[in-house]
Amino acid sequence: VVVVVCLFVCVFPQQSLNCSKKKPSDTAIIKCHGCCCATAPKDLDQLQLKTGDLYLSRASRGGRIAGLNTITASPWDHSGIIYMHEGEPYVLDSGSYRYYDFCFQPLNFLSEGEEAEEWKRVGCGPQMYPLKKFIKAQQETPITRPPKEGKPPGRPWIYEKIAIRPLRKPLTDDQLAKLDQLIRELRNRPYEEDKNQMTAAAVDVCDCCCPSMRNDGEQLDSLFCSELVAALYMGVGLLPASSVKPSAEYVPSDFSLYHGHNVSGFLGCCLLSWLWARCGSACCCCWPGCAGNVHASGHGATFGKEVVLLS
């Protein structure tokens, strides 16, 4: 099975993330997590959020990349970082378009200056928005992909599940200063449109035997969501340096407690996969060339458990 999966994603990299478009496999992974692993939802006001906490979410069908949950054996398909400003939690993430009119250039809370206009012109990539307002807006008006190149708007969708994975320790003043500096450096970068790069990030089973399915080197000219998160966490010392695993090799599942082997999603054994992942880093090191497959979920001293929010 491993050989078949490797051959498929190496020969058809762009199609591999759409292989389950008409199959219920994504639904099976999602329901498995909801029935067996998800914690009781909490109200946002019950949490003591802090800058640097991890933001995870899952899009409804209209906004979901078909097959991603299956390939990564994870219930999450999007990630970001919590940023606290004047006591209110904001989300910093990277999107292929702006979700709502109230999204703004990261750290530019007043949306002023020529740089903010340039950010609006780019129309994709890093963005920031107030979390409470975002949750309320989704309940009233679903997100819709804007028309592009003569094509009609996409199907309305929402992030149907949102979770927070808190840092066990708050960032130091030095880390906060580095985080702000990095955000300002990256905030005008466009969203990553290379489907091959995103597929290579999601498929780890081929890294040892198929170099074309591995993203090598740190390239931050464009950023998909988990690539931005990984780059920021590396910059403040919460993840290993990019020489171990570049930012473009991270997907949302790499930051979750619930991720697993690529093959397990296709076989439908997600629970076994998640148990495998708990002991995973040691197993990866047993395979030559695979020691770089480090998952953030293994950093128990850094991140706490995932807390699902009431939606």
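The following paragraphs examine the structure supplied in this document. Positions within a chain are numbered from 1, following the residues in the order the chain's sequence is written. Local features in this predicted model are restricted to residues of pLDDT 70 or higher, and side-chain atom pairs are both shown and tallied only at a pLDDT of 80 or more, whereas totals for entire chains, interfaces and linings draw on every residue. Side-chain metrics in this entry use all non-hydrogen atoms of the structure; hydrogen atoms and water are not considered.

This paragraph deals with the overall build of the chain. On a plain count of helices and strands, the chain comes out with 11 helices and 6 strands. Counting across all 311 residues of the chain, residues that qualify as buried make up 53%. Pairs of residues are marked as contacts when any of their non-hydrogen atoms sit within 4.5 Å. For the chain, the proportion of contacts with a sequence separation of at least 24, taken over those separated by at least 6, is 78%. When the accessible surface of the chain is summed, it comes to about 14,700 Å², and 56% of that surface belongs to carbon and sulfur atoms. Helix and strand assignments follow DSSP, with helices taken as H or I runs no shorter than four residues and strands as E runs no shorter than two, numbered in order from the N terminus. Note on exposure labels: buried denotes an accessible area under 20% of the residue type's maximum, exposed denotes more than 50%, and partly exposed covers the range between, all computed with a 1.4 Å probe on protein chains only. Each accessible area is a Shrake-Rupley result for a 1.4 Å probe, and residues are judged covered by the shown protein chains and nothing else.

Attention now goes to the pattern of salt bridges. When a carboxyl oxygen of Asp or Glu is within 4 Å of a side-chain nitrogen of Lys or Arg, the pair counts as a salt bridge. This structure, assessed with the given rule, holds 9 salt bridges. Among the salt bridges present, the one from glutamate 160 reaches arginine 58, with a minimum N-O distance of 3.0 Å. On the criterion of sequence distance, the pair formed by glutamate 160 in strand S5 (residues 159–165) and arginine 58 in strand S1 (residues 54–59) is long-range, its members being 102 residues apart. Put simply, lysine 245 and aspartate 254 hold a salt bridge, and the shortest N to O gap is 3.5 Å. In the salt-bridge network here, residues are joined through shared partners; they are Asp45, Glu88 and Lys132.

One requirement defines pairing of two strands: DSSP has to find at least two bridges between them. On the basis of which strands lie adjacent, the open sheet formed by 6 strands has the order S4-S3-S2-S1-S5-S6 and antiparallel pairing. Each of the sheet's edge strands pairs with one partner strand only, and the pair in question is strand S4 (125–130) and strand S6 (307–308). As paired strands, S1 and strand S2 (residues 78–85) are joined by 4 bridges and run antiparallel to one another. Bridge pairing links tyrosine 55 to glycine 80 in S2. Here, axes are lines fitted to C-alpha atoms. For helices the fit covers the stretch in contact, and angles between N-to-C directions go from 0 to 180 degrees. Sitting on the sheet, helix H5 (residues 131–140) touches S1, S2, strand S3 (88–95), S4 and S5, and the angle it makes with S4 is about 90°. Here helix H8 (residues 225–235) sits on the sheet and contacts S1, S2, S3 and S4; the angle it forms with S2, its principal contact strand, is near 50°.

In this section: unusual backbone geometry. In the Ramachandran plot, glutamate 86 falls in the positive-phi region, its phi being about 50° despite a non-glycine side chain. As for its placement among the helices and strands, glutamate 86 is situated in the loop between S2 and S3. In this model, leucine 107 sits at a positive phi of 70°, which is unusual for a non-glycine residue.

Residues enter a patch when their relative accessible area is above 30% and they make no salt bridge; the linking distance is 9 Å between like charges and 5 Å between nonpolar side chains (Val, Leu, Ile, Met, Phe, Trp, Tyr). When charges are counted, Lys and Arg contribute as positive and Asp and Glu as negative, whereas His and the chain ends are disregarded. Where a charge sits is defined by one atom per residue type, namely NZ (Lys), CZ (Arg), CG (Asp) or CD (Glu). On the surface, Arg145, Lys148, Lys151 and Lys195 cluster together into a patch of positive charge. With respect to the helices and strands, lysine 151 occurs in the loop between H5 and S5.

Attention shifts here to H5. Burial in H5 covers these residues: Leu131, Phe134, Ile135, Ala137 and Gln138. The buried residues of H5 all sit within an arc of 165° when viewed along its axis, so they share a single face. Projecting away from the buried face of H5 at angles above 90 degrees are the exposed residues Lys136, Gln139 and Glu140. Those residues of H5 that are buried are in contact with S1, S2, S3, S4 and S5. An arc is given here, and it is the one of the directions from the helix axis to the C-beta atoms.

The residue leucine 220 is located in the loop between helix H7 (195–202) and H8 in this model. Spatially, the C-alpha atoms of leucine 220 and proline 246 are 9.9 Å apart, while their sequence positions differ by 26 residues. Residues within four places of leucine 220 in sequence aside, it is in contact with Leu186, Arg189, Glu227, Ala231 and Ser247.

Counting 33 residues, the largest nonpolar core has Leu232, Tyr233 and Phe255 as its most contacted members. Elements represented by at least two residues in this core include exactly S1, S2, S3, helix H6 (173–186) and H8. Ranked by residue count, the leading element in this core is H8, at 7 residues. Those residues within four positions of tyrosine 233 in sequence are excluded, and the remaining contacts are Gly52, Asp53, Leu54, Ile81, Leu238, Leu239, Phe255 and Phe303. In this description, a nonpolar core means a group of buried Ala, Val, Leu, Ile, Met, Phe, Trp, Tyr and Cys residues linked to one another through side-chain atoms lying within 4.5 Å. In this structure, Ile82, Val91, Ala137 and Trp157 belong to the second largest nonpolar core, which totals 24 residues.

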